[in-house]
Every structure is written in C-alpha cells, then in structure tokens.
Amino acid sequence: MQHAQWQTLIAQFAKLSRRQRLECMELLRGMPCGQVSIALIERTAQARLCCPACQSRHFHRHGHANDLQRYRCVLCGKTFNALTGTPLAHLHHKSLWLDYANCLLNSDSVRKAAQQLGIHRNTSFRWRHRFLALAKTDRPRCLHGIVEADEMYLLESEKGARHLLRPARRRGGHARQRGISSEQVCILVARDRTGQTIDFVTGKGQLTKKHLLYCLPRVIDRDILLVTDGHAAYAAFARETGISHQAVNLHAGFRVRGAAHVQNVNAYHSRLRGWLSIFHGVATDALPAELPGVALDTRRQAHPVR
C-alpha cells in the first residue's frame, strides 16, 4: 500500500464504531473476523463464570465444543461453557451475532435482518427473542444517589394474533378513549445519574402506589433522592417508605430545579419510542408483566402471569 492510501485509511478510523474498532483489533492480532464474537463472549463471561448446576467456581478447562471453551466442574462433574444456562445457548452461526446485534440497534425488521445476514427468517425471529431475553439478565441490582423515575405508556396491541378481540387498527392506530385508560400499558422506568436503568411493566391503566411499592423498594437504596414529576402516586410511595422525594412540576413549565430534574429518564423514553416507531407498536403479550396476577394479553385472562 502506498503512503497516500495508508493516510486515507488511517483518517477513516475516527469514523469507526466501537464494534468495528474491536474487529480491527482482533484482525491485527491475527484472529479471523468470524471469531470476534467468540472472543467477546469468552471475555465477557470470565468475570462471573460458574457451574450452572451447583454454582461452584471450582472448575477446569475441558476441551472445546461448538467453537467455545468447555469447562468441567470439580464438585459435580458437569461440563459447561460460557453460554450454558443463558438464552443464547444452543444457537448456531455465532460469527453473525455481532452483525445481528447491529440490526437490532438499527430497528431492522426480522425479514430485513435475515436478508442482510443471509439467514432464514425463522432464525432471525428466534435470535431476536433470545437476544432480547438475554438483555433482561443484565439489569443492575440497585440504583444509588439521585434516582429519576417516570412512566410511559404504549398502546395495547394484539399484533401477530390470529383472532382479534376487537376491530383491527391500521399502522398502530389510536386509543378509543381519551387520556390514560385500560387500552394502554404502563412501563415504569427508574434511572440513576450513573446511567443504570431498570424498567418494569406494571400492567394496563394508570400507575398506582401499589405498583411502586411492589417494583421500586427492592432495586433502590433507602438513602436515595427520588425525583419524579407531579404524579400523586410517587408522593404517596415516598411518604409510606420514608424515601426522600422531590417533584418537578412539568405542567407549570418547571423542568429543572437545581439537580432535580427527570431529563435523563425522559431522554430514555424518547430513545425507546424512536427505536419502536419503525415497528408500528409492540405486541402486548410480548411485554413481561412485573406484578403477580397481572395478565397483559386479554386472550390469556384465564391464565394470569405468575
């Protein structure tokens, strides 16, 4: 390569994404491009690797299987790898996983992602749900410091159902009732100032103190400052639990009061809505309800979520 071409190539490195830079680093180390995802899986799993059967951390290497390092537990004798017991276990074509993750981030449809990667649409559909299930296992255990909380609402959807219980809505449609009603599903989002985020699907209709008492106490410190909008449920929750609370009156035009604001959690809502917009809504029965006895899918009222 001539010097001018090399300078042009170097100038393009500043435009690379984090994943692309990682691939370049692996290539410079002599690793084939298809092995980048394997190396990432192994490296990520090392911090919390243990035997899925007995939770022991006393194990040793035991060969390779399906391109992954295999381990054998000393206590129970079971063999496992970095993906055993995770939603990604037993999936094939690991070399395409990073590219598929980019398709998810870009809001590509199941068929569009399958066409880009050269895989079957059923494989793309299965990967999508497995990848999304894996993301739910990487939630922070506790939020600290200043915690912002706010709720967002998604229109109830029977997308993908063969037998609708109401007339079909085109391109998502609109609710028949004004304001917040049982036609909308509430998603509670709590986020601290370090960026750690936890969300809960509380069910249909308005957010209540009961929802907050079930969801928040197990994921927040007792000495946090809870910052919310003027919803009465937050104030009632803070009084009952003894948590410091400050409300920002958005309707009166007060968005920031010193360090008290809900701009971070509102920005999270905005990004989530933007990511979902291309899909024209999300099927309600695909949302995991957090409260026991809450059935989000009206077709499953006889079998409430446990």
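Keep in mind the model is a prediction, meaning the values are calculated, not measured.

K.L.:
With reference to specific residues and values, describe the overall build of the protein.
P.N.:
Counting secondary structure elements, the protein contains 9 helices and 10 strands. Across the 306 residues in the protein, those meeting the buried criterion constitute 36%. Across the protein, every contact between residues at least 6 apart in sequence was considered, and the portion connecting residues at least 24 apart equals 55%. Total accessible area on the protein is roughly 18,700 Å²; 53% of this is exposed by carbon and sulfur atoms.

K.L.:
How would you explain the environment of H90 if you had to name every residue and give the values?
P.N.:
Relative to the helices and strands, H90 resides in the loop between strand 3 (79-80) and helix 4 (97-105). Spatially, the C-alpha atoms of H90 and N66 are 9.0 Å apart, while their sequence positions differ by 24 residues.

K.L.:
Just give me the short version of the sheet that holds strand 5 (residues 184-192), but keep the residues and values in it.
P.N.:
Consider a sheet: its strands pair through backbone hydrogen bonds, and that pairing is either parallel or antiparallel. Read from one edge to the other, the open sheet built from 5 strands follows the order 6-5-4-7-8, with strand pairing classed as mixed. Two strands bound the open sheet, and with one partner strand each, they are strand 6 (197-204) and strand 8 (244-247). Each adjacent strand pair in this sheet contributes to an overall mean axis angle of 25 degrees, direction not counted. Both strand 4 (residues 146-155) and strand 5 contribute to a ladder of 9 bridges, which runs antiparallel. Paired with E151 across the bridge in strand 5 is L188. Contacts from helix 9 (residues 263-277) reach strand 4, strand 5 and strand 6 within the one sheet, and its direction differs from that of strand 4 by about 30 degrees.

K.L.:
Can you break down the pattern of salt bridges residue by residue, with the values?
P.N.:
If you walk through the whole model with that rule in mind, you get 4 salt bridges. In this structure, the salt-bridge partner of E148 is R193, at a minimum N-O distance of 2.8 Å. Residue E148 is found in strand 4, and its partner R193 is found in the loop between strand 5 and strand 6; the two are separated by 45 residues along the sequence. Judged by its relative accessible area of 0%, E148 is buried. Residue class for R193 comes out partly exposed when judged on its relative accessible area of 32%. Linking E240 and K209 is a salt bridge whose minimum nitrogen-to-oxygen distance equals 2.9 Å. One end of the pair, E240, is in helix 8 (residues 232-241); the other, K209, is in helix 7 (residues 209-215), with 31 residues separating them in the sequence. Look at K209 and you get partly exposed, because its relative accessible area is 32%.

K.L.:
Any chance you could break down the packing of helix 4 against helix 6 (residues 121-135) for me, citing the residues and the numbers?
P.N.:
Running from N to C, helix 4 and helix 6 point in directions that differ by 80 degrees, and their axes come no closer than 11 Å. For the element pair helix 4 / helix 6, the angle class is roughly perpendicular. Across the interface between the two elements, W97, Y100, A101 and L104 from helix 4 touch S124, W127, R128 and F131 from helix 6. Classifying every residue of the contact of helix 4 with helix 6 by side-chain character gives 6 nonpolar, 1 polar and 1 charged.

K.L.:
Let's hear about the packing of aromatic side chains: which residues, and what values?
P.N.:
Inspection of every chain in the model, using the stated rule, returns 8 aromatic pairs. When the ring of W97 is compared with that of W127, the centres are 6.5 Å apart and the planes differ by 85 degrees; the resulting orientation is edge-to-face. Placement of the pair is W97 in helix 4 and W127 in helix 6, with a sequence separation of 30 residues. Between Y100 and W127 the ring centres are 5.4 Å apart and the planes differ by 85 degrees, which places this aromatic pair in the edge-to-face class. Of the two residues, Y100 is situated in helix 4 and W127 in helix 6; the sequence distance between them amounts to 27 residues. Every member of this aromatic cluster is reached through a ring pair, and the members are W97, Y100, W127 and F131. The ring of F200 is capped by R139, whose NZ or CZ atom sits 5.4 Å from the centre of that ring.

K.L.:
So, helix 6: which residues are in play, and what are the values?
P.N.:
The terminal C-alpha atoms of helix 6, which comprises 15 residues, lie 21 Å apart, in line with the 21 Å expected from a rise of 1.5 Å per residue. For helix 6, the complete set of buried residues consists of T123, S124, W127, R128 and F131. For helix 6, the arc enclosing every buried residue in end-on projection is 140 degrees, short of the 170-degree limit, so these residues lie on one face. Against helix 4 and helix 5 (110-117) lie the buried residues of helix 6.

Parameters and conventions
- Residues numbered from 1 in each chain as written.
- Predicted model: local features only at pLDDT ≥ 70, side-chain atom pairs only at ≥ 80, totals over all residues.
- Heavy atoms only, no water.
- Helix = DSSP H or I, 4+ residues; strand = E, 2+ residues; numbered from the N terminus.
- Buried < 20%, exposed > 50% of the residue type's maximum accessible area, 1.4 Å probe, protein only.
- Contact = heavy atoms within 4.5 Å.
- Areas by Shrake-Rupley, 256 points an atom, 1.4 Å probe, with all protein chains shown as cover.
- Pairing = 2+ DSSP bridges.
- Axes fitted to C-alpha atoms, helices over the stretch in contact; angles between N-to-C directions.
- Salt bridge = Lys/Arg side-chain N within 4 Å of Asp/Glu carboxyl O.
- Parallel < 35°, antiparallel > 145°, perpendicular 65-115°, else oblique.
- Nonpolar A, V, L, I, M, F, W, Y, C, P; charged D, E, K, R; others polar.
- Phe/Tyr/Trp six-rings, centres within 6.5 Å; stacked < 30°, edge-to-face > 60°.
- Lys NZ or Arg CZ within 6 Å of the ring centre and 35° of its normal.
- Expected span 1.5 Å × (residues − 1).
- Arc of directions from axis to C-beta.

Nothing here speaks to function; it is geometry throughout.
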